[in-house]
There are 2 protein chains.
Amino acid sequence: MAKDSTTEQLIADTAEKVFLEKGIAGARMQEIADAAGINKALLHYYFRSKDKLFEYVFDRVFQDFVMRLRTVFEEELPIEGQIRVFISRYIQIFDRKPGMPLFIQTELYRNPDLIKRFTFLQSVFPADYIRKEIAKKVEVGEWRPIRVSDFLTNLIGLCVYPYLAQPLLQHAFSMNDSDYQGFLENRAETIYTFFLQGLRTQ
Amino acid sequence: MAKDSTTEQLIADTAEKVFLEKGIAGARMQEIADAAGINKALLHYYFRSKDKLFEYVFDRVFQDFVMRLRTVFEEELPIEGQIRVFISRYIQIFDRKPGMPLFIQTELYRNPDLIKRFTFLQSVFPADYIRKEIAKKVEVGEWRPIRVSDFLTNLIGLCVYPYLAQPLLQHAFSMNDSDYQGFLENRAETIYTFFLQGLRTQ
DNA sequence: TTATAATTTAACTAAATGGTTAAACCTAAC
DNA sequence: GTTAGGTTTAACCATTTAGTTAAATTATAA
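All residue numbers refer to position in the chain's written sequence, counted from 1. Starting at A for chains and at 1 for ligands, labels are handed out in the order in which the entities are written. Totals for whole chains, interfaces and linings use every residue, but because this is a predicted model, local features are given only for residues with pLDDT of at least 70 and side-chain atom pairs only at 80 or more, for both listing and counting. Computation of side-chain values covers all heavy atoms of the structure but excludes hydrogens and water.

1. Observations concerning the relation of the copies chain A and chain B
- C-alpha atoms of residues with pLDDT of at least 70 in both copies form the basis for the least-squares superposition of the copies. Of the transformation superimposing chain A on chain B, the axial component is 0.0 Å and the angular component is 180°, with the fit at an RMSD of 0.0 Å. On the angle and the small slide along the axis, the relation comes out as a two-fold axis. Within chain A, A:Gly198 has its C-alpha nearest the rotation axis, a separation of 1.8 Å.
- By the convention used here, residues are in contact when the closest approach between their heavy atoms is within 4.5 Å. Both copies present the same face, since 100% of the interface residues in chain A are matched by interface residues at the equivalent positions in chain B.

2. Notes on the protein's contact with DNA strand D
- In these notes, residues near a molecule or strand are those with any non-hydrogen atom within 4 Å of it. Contacts to DNA strand D come from 17 residues, most closely from A:Asn39, A:Tyr45, A:Tyr46, B:Arg28 and B:Lys50.
- In the environment of DNA strand D, a phosphate oxygen lies 2.3 Å from a nitrogen or oxygen atom belonging to the side chain of A:Tyr45.
- Counting of polar contacts relies on pairs of N or O atoms within 3.5 Å, with two restrictions inside protein: one atom must be capable of donating a hydrogen and the other of accepting it, and residues adjacent in sequence are counted only when both atoms are side-chain atoms. A distance of 3.1 Å is found between a phosphate oxygen of DNA strand D and a backbone nitrogen or oxygen belonging to B:Met29.
- Residues are sorted three ways: Asp, Glu, Lys and Arg are charged, Ala, Val, Leu, Ile, Met, Phe, Trp, Tyr, Cys and Pro are nonpolar, and all the rest, Gly among them, are polar. Here the surface near DNA strand D is built from residues that sort into ten nonpolar, four polar and three charged.

3. A few points about the packing of helix H5 (residues 79-96) of chain A against helix H11 (residues 177-199) of chain A
Residues and elements named next belong to chain A.
- Angles run from 0 to 180 degrees between N-to-C directions of axes, and those axes are lines fitted to C-alpha atoms, restricted for helices to the stretch in contact. Under the DSSP-based scheme used, a helix requires at least four consecutive residues in state H or I and a strand at least two consecutive residues in state E, with every element numbered from the N terminus. At a closest axis distance of 10 Å, the pairing of H5 and H11 adopts a crossing angle of 160°. Judged by the inter-axis angle, H5 sits roughly antiparallel to H11. Considering how the two elements wind past one another, H5 and H11 form a crossing that is right-handed. Seen from H5, the contacting residues are Glu80, Ile83, Arg84, Ile87, Ile91 and Asp95; seen from H11, they are Gln181, Leu184, Arg187, Ala188, Glu189, Ile191, Tyr192, Phe195 and Leu196.
- Residue classes in the contact of H5 with H11 are distributed as nine nonpolar, one polar and five charged. The scheme is simple: roughly parallel for angles under 35 degrees, roughly antiparallel for over 145, roughly perpendicular for 65 to 115, oblique for anything else. With the far helix as reference, a near helix turned anticlockwise by less than a right angle produces a left-handed crossing, and one turned clockwise produces a right-handed crossing.

4. Considerations on the interface of chain A and chain B
- The interface of chain A with chain B comprises 56 residues on the first partner and 56 residues on the second.
- Here's the idea: put two parts together, see how much 1.4 Å probe accessible area each one loses, and the total over both is what we call buried area. Where chain A abuts chain B, roughly 5,100 Å² becomes buried across the two surfaces, and 68% of that area is made up of carbon and sulfur atoms.
- For the chain A face of the interface with chain B, the top three residues by lost area are A:Tyr109, A:Tyr161 and A:Phe194, together amounting to 14%.
- Salt bridges are counted wherever a side-chain nitrogen of Lys or Arg sits within 4 Å of a carboxyl oxygen of Asp or Glu. Applying the counting rule to chain A against chain B returns two salt bridges.
- Residue A:Arg187 pairs with B:Asp150 through a salt bridge whose shortest N-O separation is 2.8 Å.
- Connecting chain A to chain B are twelve residue pairs in polar contact (both at pLDDT 80 or more).
- Looking at the side of chain A that touches chain B, the element that brings in the most residues is helix H9 (residues 148-164) of chain A, giving twelve residues.
- Of the residues that constitute the side of chain A that touches chain B, the class distribution is 29 nonpolar, 18 polar and nine charged.

5. Thoughts on the packing of aromatic side chains
Residues and elements named next belong to chain A.
- Each pair of aromatic rings taken from Phe, Tyr and Trp, with Trp reduced to its six-membered ring, is defined by centres within 6.5 Å and is described as stacked if the planes are under 30 degrees apart, edge-to-face if over 60, and tilted in the remaining cases. Taken as a whole and assessed by the stated rule, the structure comprises 43 aromatic pairs over all chains.
- Geometrically, the ring pair formed by Phe73 and Phe86 is tilted, given 5.3 Å between the ring centres and 40° between the ring planes. Residue Phe73 is located in the loop between helix H4 (50-69) and H5, and its partner Phe86 is located in helix H5; the two are separated by 13 residues in the primary sequence. Take Phe73 and Phe86: they sit in the same class, and that class is buried. Burial status follows relative accessibility: with a 1.4 Å probe on protein chains alone, a residue under 20% of its type maximum counts as buried, one over 50% as exposed, and anything between as partly exposed.

6. A word on the state of the cysteines
- Any cysteine sulfur atom paired with another within 2.5 Å is treated as part of a disulfide. Per the counting criterion, the structure on display carries zero disulfides over all chains.
- Sulfur of A:Cys159: no disulfide; nearest cysteine sulfur belongs to B:Cys159 and is 17 Å away.

7. So, the protein's contact with DNA strand C
- Around DNA strand C, the structure places 16 residues, and the nearest of them are A:Arg28, A:Lys50, B:Asn39, B:Tyr45 and B:Tyr46.
- The contact atoms of DNA strand C, taken as those within 4 Å of the protein, divide so that sugar and phosphate hold 60%.
- In this structure, A:Arg28 approaches DNA strand C through a side-chain N or O atom, which is 2.5 Å from a phosphate oxygen.
- A:Lys50 places a main-chain nitrogen or oxygen 2.6 Å from a phosphate oxygen of DNA strand C.
- When contributions to the surface near DNA strand C are tallied by element, the ones reaching two or more residues are helix H3 (40-46) of chain A together with helix H3 (40-46) of chain B.
- Among the residues forming the surface near DNA strand C, the class breakdown is eight nonpolar, four polar and four charged.

In short, the description is geometric, and any link to function would need to be established separately.
Structure follows, in structure tokens:
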């Protein structure tokens, strides 16, 4: 019977696009079916309900995100190098799916229970490891003391904010789409320099 | 007949809460009416349609935001002092309405036309002024060169991100609500130090 | 008092929407 | 060729939802 998962894949991919664009409340099952080139009956044949489909998509999106980042702080590099990789990989993820950060934050804000689905989050936010590295750097007088939560919030905020606030920033800086694309392309290097300098003592 | 604007106010305040929490797509007129302690008929009596009500609320929220920030970079202070004021005022705004940043970004992302309603945005993002100040500081060797767009994106991102990503961060750092509140309270100082240091040459 | 505006009540409409059903059709494996 | 599962069609159901209506009621200002 050769489980033909192509259709399931197609549905999930299409649903992801629609959900990313409109959120669960704004998305319509009919629209997903149309966009996938199938009919509503088949949609419910594969995914019983809108909620089930949403959860499936949400998990997939988040897993994709986590999987691309979880190994960064395990690599054999000095912390500065890990930070550089972290930044560029973060940006790389969102370049492929610019709507992803806003989607995750919004759905999470409106339904905090979704947080329960977040496994492996500690590997993307390796607080203990970072704490130790900060301590080392502080001891040799290279960095100022900083809380882990501030360290990671700053780092991630610098990476993600341009994607979360794209329409606002693009308008504020009078950029067209390709201007903004150019702006984003230079961010990785800017962030790296700025972030590391921000940590230093002098 | 004394136009009793109390009810209009009440409706707008209540609608704001509901819209901030659920977005336009997730909000229900009935829910707004109930929360305001009135009936749906009266809701439509004051605001003809959901869209009209939403636009009214959206404008109010954004205007409130702009009005609290527009004067910061006109104050008689050195740029460092202006930055300090900017940060603390930014944070102060969101402390009162934590859902506001996510609301604005999400609705703007899903309906980019709303950007047309953004007047005075240039006074919150005074690109020309900042450009000149950067140039001065670079000339005396105090700051590294940085694009205005990066300068403002970094500054605002550092302020706003903890509000945009509250559920995620709170979970990642295993904080309860009061932990997170404490985390936010120290942010202003942290950001100020970190941001200014990030700009420096050495 | 009287007229006018605010508010409630309650029923109603029309459209959108998630989800179901059953029969028919297609296709590939056996 | 038969069978089983994927797919379509098309109608249908129940519920939700924005918005309306009209009549009754309450407050308010002139």
